[in-house]
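# Topology and contacts: notes
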Amino acid sequence: MTEETARTGEFVQSLERGLAVIRAFDADHSQLTLSEVARATGLTRAAARRFLLTLVELGYMRTDGRLFSLRARILELGYAYLSSLSLPEVAQPHMESLVGEVHESCSMSVLDGDEVVYVARVPTKRIMTVAISVGTRFPAYATSMGRVLLAAQPQDWLDEYFGKAELRALTRRTVTDPTKLRSILTRICSQGYAIVDQELEEGLRSLAAPIRDADGSVIAALNVSAHASRGSSDVIRRELLPPLLATAKRIEEDLRGGQVR
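Note that the structure is predicted; figures quoted are calculated from it, not measured.

Definitions and limits used
Residues numbered from 1 in each chain as written. Predicted model: local features only at pLDDT ≥ 70, side-chain atom pairs only at ≥ 80, totals over all residues. Heavy atoms only, no water. Helix = DSSP H or I, 4+ residues; strand = E, 2+ residues; numbered from the N terminus. Buried < 20%, exposed > 50% of the residue type's maximum accessible area, 1.4 Å probe, protein only. Contact = heavy atoms within 4.5 Å. Areas by Shrake-Rupley, 256 points an atom, 1.4 Å probe, with all protein chains shown as cover. Lys, Arg positive; Asp, Glu negative; His and termini not counted. Salt bridge = Lys/Arg side-chain N within 4 Å of Asp/Glu carboxyl O. Polar contact = N/O pair within 3.5 Å; in protein donor to acceptor, adjacent residues only side chain to side chain. Pairing = 2+ DSSP bridges. Phe/Tyr/Trp six-rings, centres within 6.5 Å; stacked < 30°, edge-to-face > 60°. Lys NZ or Arg CZ within 6 Å of the ring centre and 35° of its normal. Core = buried A, V, L, I, M, F, W, Y, C linked by side-chain atoms within 4.5 Å.

Moving on: the overall build of the protein. In terms of helices and strands, the protein carries 10 helices and nine strands. When the 261 residues of the protein are sorted by exposure, 44% land in the buried category. Sequence separation of 24 or more characterises 56% of the internal contacts of the protein that already satisfy a separation of 6 or more. Carbon and sulfur atoms provide 49% of the accessible area of the protein, an area that totals close to 14,300 Å².

Structure follows, in structure tokens:
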């Protein structure tokens, strides 16, 4: 809550609490009891129960009387935002061409807080244990697209980010040291791309490039992912980076011919 909204009384705390209840559910916590929701959100059991039963009544959640879980209708809340973007529509045919050329999956994401959220994807073969689709989120620090997007942020934003981000090791290769990550982001700024070698998931290598609008601001990131068996990081960079950068450039050229909503 900003100081201004608090002062003017325009902050709706009940909406904040309702959204907190929804965010308590994720891939690792797809089913929660009333007590678990209350603990995760800091709400009283009575308040958490009211929010949960309201969401059940509205069709966004289901319950068997003890466990609560989200229903598919919850996607409507995010679809309104995703469908308002013209960027995925512009990028999709270029991403399909890239996948046809390199025979690896291609994705596009934007930064949302300390996570990347996928706004477009063209899969080829499945190389991750986690299924990825539009709306999938990953921690920005451990992904190639996330690092491209983080590298584009101003220093005061990064200071705040590293001050609060939970940098967990997702594999034995994940870089979690803030100083080293800052150095990596600086290098990404100068070279114009990011490569992540099995830091999000063992066996997965990923390359990402920024997508800039007409003003030169980074608005999204584009990546290609390949199984480690395709070759070393140097091989992946040599084979996949040129077509990735060319695709990013074509998307940017199309964006300059229109306006992203």
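Quick look at the side chain of Arg-121 now. One can find Arg-121 in strand S5 (residues 115-122). Although buried, Arg-121 forms no salt bridge, and the nearest oppositely charged side chain, Glu-104, lies 9.0 Å from it. At a separation of 2.6 Å, a polar atom in the side chain of Arg-121 contacts the side chain of Ser-107. Here Arg-121 is in contact with Gln-92, Met-95, Ser-105, Cys-106, Ser-107 and Ile-132, once residues within four sequence places are set aside.

Right, let's talk about the pairing of strand S9 (residues 218-227) for a bit. Of all 10 residues making up S9, seven are buried, and the element is well covered by its neighbours. Here strand S4 (residues 105-112) runs beside S9; their pairing, made up of five bridges, is antiparallel. By the bridge assignment for S9, Met-108 is matched with Leu-222. Alignment of strand S8 (residues 204-212) against S9, held across nine bridges, turns out to be antiparallel. Residue pairing across strands places Ala-209 opposite Leu-222, the latter belonging to S9. Taking the residues between adjacent antiparallel strands as the criterion, S8 and S9 are bridged by five residues, where Gly-216 takes a positive phi near 90°.

Let us look at the packing of aromatic side chains. For the structure on display, the rule yields three aromatic pairs. Ring plane angle 75° and centroid distance 5.1 Å describe the contact between Tyr-161 and Phe-162, whose orientation is recorded as edge-to-face. For the pair Tyr-161 and Phe-162, a shared accessibility class is recorded, and that class is buried. Three or more aromatic residues joined by ring pairs form one cluster here, namely Trp-157, Tyr-161 and Phe-162. In this arrangement the basic side chain of Arg-73 is found over the ring face of Tyr-60, its NZ or CZ atom lying 5.1 Å from the centre.

Further remarks concern unusual backbone geometry. Phi angles above zero are rare outside glycine, and His-103 is one such case at about 60°. With respect to the element layout, His-103 can be found in the loop between helix H6 (87-102) and S4. Unusually for a residue other than glycine, Gln-198 sits at a positive phi of about 60°. Mapped onto the elements, Gln-198 comes out in the loop between strand S7 (194-197) and S8.

Moving on: the environment of Glu-201. Mapped onto the secondary structure, Glu-201 falls in the loop between S7 and S8. Overall, the relative accessible area of 13% leaves Glu-201 in the buried class. Linking Glu-201 and Leu-170, residues 31 residues apart in sequence, is a C-alpha distance of 6.9 Å.

Right, let's get into the nonpolar core. Soluble globular proteins: nonpolar side chains tend toward being buried together. By size, the foremost hydrophobic cluster in this structure holds 28 residues, and its most contacted members are Met-108, Ile-211 and Leu-222. Counting only elements with at least two residues in this core, the list comes to H6, S4, S5, S8, S9 and helix H10 (233-256). The dominant element in this core, judged by the number of residues it contributes, is H10, at seven residues. Those residues in contact with Ile-211, other than ones at most four positions away along the chain, are Leu-87, Met-108, Ser-217, Val-218, Ile-219, Ala-220, Ala-221, Leu-222, Ala-248, Ile-251, Glu-252 and Leu-255. Of all hydrophobic cores here, the second largest spans 27 residues; its members include Ile-132, Val-148, Ala-165 and Ile-184.

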